Amino acid sequence: DQQVKQNSPSLSVQEGRISILNCDYTNSMFDYFLWYKKYPAEGPTFLISISSIKDKNEDGRFTVFLNKSAKHLSLHIVPSQPGDSAVYFCAAMPASGTYKYIFGTGTRLKVLA
Amino acid sequence: DAGVIQSPRHEVTEMGQEVTLRCKPISGHNSLFWYRQTMMRGLELLIYFNNNVPIDDSGMPEDRFSAKMPNASFSTLKIQPSEPRDSAVYFCASRPGLATGELFFGEGSRLTVL
């Protein structure tokens, strides 16, 4: 049973528009969340993270929102660019000092020029 | 600085053969992870090392899988004998220290067992 779920396997967005990638989790003990981006034939690369003490973290075009009551996080990319086309994984882990990153199965984003 | 280095990038072998995947973590990182990626299950943790010591190998599928970390700059994941269901992309990742934070992934080793 997946503790971290990315229910949309794929998403297509026009260049310049907003991309919203969603992630749901079931374990209330998770309190640190990360997003990774993966291009074909490459390893995942870190994008942005958020701790449960926050509900928003922003880094340039990328913003992650966390709704703890709903056990839901989302990644917003504004504006979307063709180079953002990749697979995006969300990951969750319990309290700091551990190693149990639980990854979702990924969402493939395609940004159309 | 070099990232996490994995070899081989691609491996095609026949069922029953031994497969060895190699990983060099980022210098100074004392946590090392082996993951397996499949379409059905996504990224699954196989084994976690801290300071070269295996801490959690509960994700290793069965006795055919073994992993070692003889020193801080090298780790291997071995499958013997290999089976077609082992076909996947295997990622090595490292992280500095014990605190939460990003994992740094290698480019992966794509294994195909015929």
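Preceding this section is the structure that the text describes.
Here's what I pulled together on the structure shown here.

What counts and what doesn't
- Residues numbered from 1 in each chain as written.
- Chains lettered and ligands numbered in written order.
- Predicted model: local features only at pLDDT ≥ 70, side-chain atom pairs only at ≥ 80, totals over all residues.
- Heavy atoms only, no water.
- Phe/Tyr/Trp six-rings, centres within 6.5 Å; stacked < 30°, edge-to-face > 60°.
- Core = buried A, V, L, I, M, F, W, Y, C linked by side-chain atoms within 4.5 Å.
- Buried < 20%, exposed > 50% of the residue type's maximum accessible area, 1.4 Å probe, protein only.
- Helix = DSSP H or I, 4+ residues; strand = E, 2+ residues; numbered from the N terminus.
- Contact = heavy atoms within 4.5 Å.
- Buried area = accessible area lost by both parts, 1.4 Å probe.
- Salt bridge = Lys/Arg side-chain N within 4 Å of Asp/Glu carboxyl O.
- Polar contact = N/O pair within 3.5 Å; in protein donor to acceptor, adjacent residues only side chain to side chain.
- Disulfide = S-S within 2.5 Å.

Topic: the packing of aromatic side chains
For the coordinates displayed, the defined rule picks out 13 aromatic pairs over all chains. Feature note: the residues Y36, F46, Y99, Y101 and F103 of chain A together with F33, Y35, Y48, F91 and F105 of chain B constitute an aromatic cluster, connected by ring pairs.

Section: the nonpolar core
Residue and element names in this part refer to chain A. Within the largest apolar cluster, 23 residues are counted, with the highest numbers of intra-cluster contacts made by F33, W35, L73, L75 and Y88. Of all the secondary structure elements, the ones that give two or more residues to this core are β3 (19–25), β4 (32–38), β5 (45–51), β7 (62–67), β8 (72–77), β9 (86–93) and β11 (107–112). A per-element tally of this core places β9 first, with four residues.

Comments concerning the interface of chain A and chain B
Listed as interface residues are 20 residues of chain A and, on the opposing side, 23 residues of chain B. Carbon and sulfur atoms make up 60% of the surface buried where chain A meets chain B, a total of about 1,700 Å² over both sides. Broken down residue by residue, the surface that chain A buries against chain B is led by Y99, Y101 and F103 of chain A, which jointly contribute 35%. Across the chain A-chain B interface, the total number found is one salt bridge. Here D56 of chain B and K100 of chain A are joined by a salt bridge, their closest N and O atoms 2.9 Å apart. Where chain A meets chain B, there are six residue pairs in polar contact (both at pLDDT 80 or more). Breaking the side of chain A that touches chain B down by element, the ones donating at least two residues are β4 and β9 of chain A. Looking at the side of chain A that touches chain B, the element that brings in the most residues is β4 of chain A, giving four residues.

Section: the state of the cysteines
If you walk through the whole model with that rule in mind, you get two disulfides over all chains. Disulfide pairing places C23 of chain A opposite C90 of chain A at an S-S distance of 1.9 Å. Handedness here is read from the sign of the S-S torsion; for C23 of chain A and C90 of chain A, about 65°, the answer is right-handed. A residue pair is termed long-range when its members are at least 10 positions apart, and C23 of chain A in strand β3 and C90 of chain A in strand β9 qualify at 67 residues. In this structure C23 of chain A comes out as buried when scored by relative accessible area, which is 2%. For C90 of chain A, a relative accessible area of 0% puts it in the buried group. Across the disulfide from C23 of chain B sits C92 of chain B; the S-S distance is 1.9 Å. The chirality of the disulfide connecting C23 of chain B with C92 of chain B is left-handed, given an S-S dihedral of about -65°.

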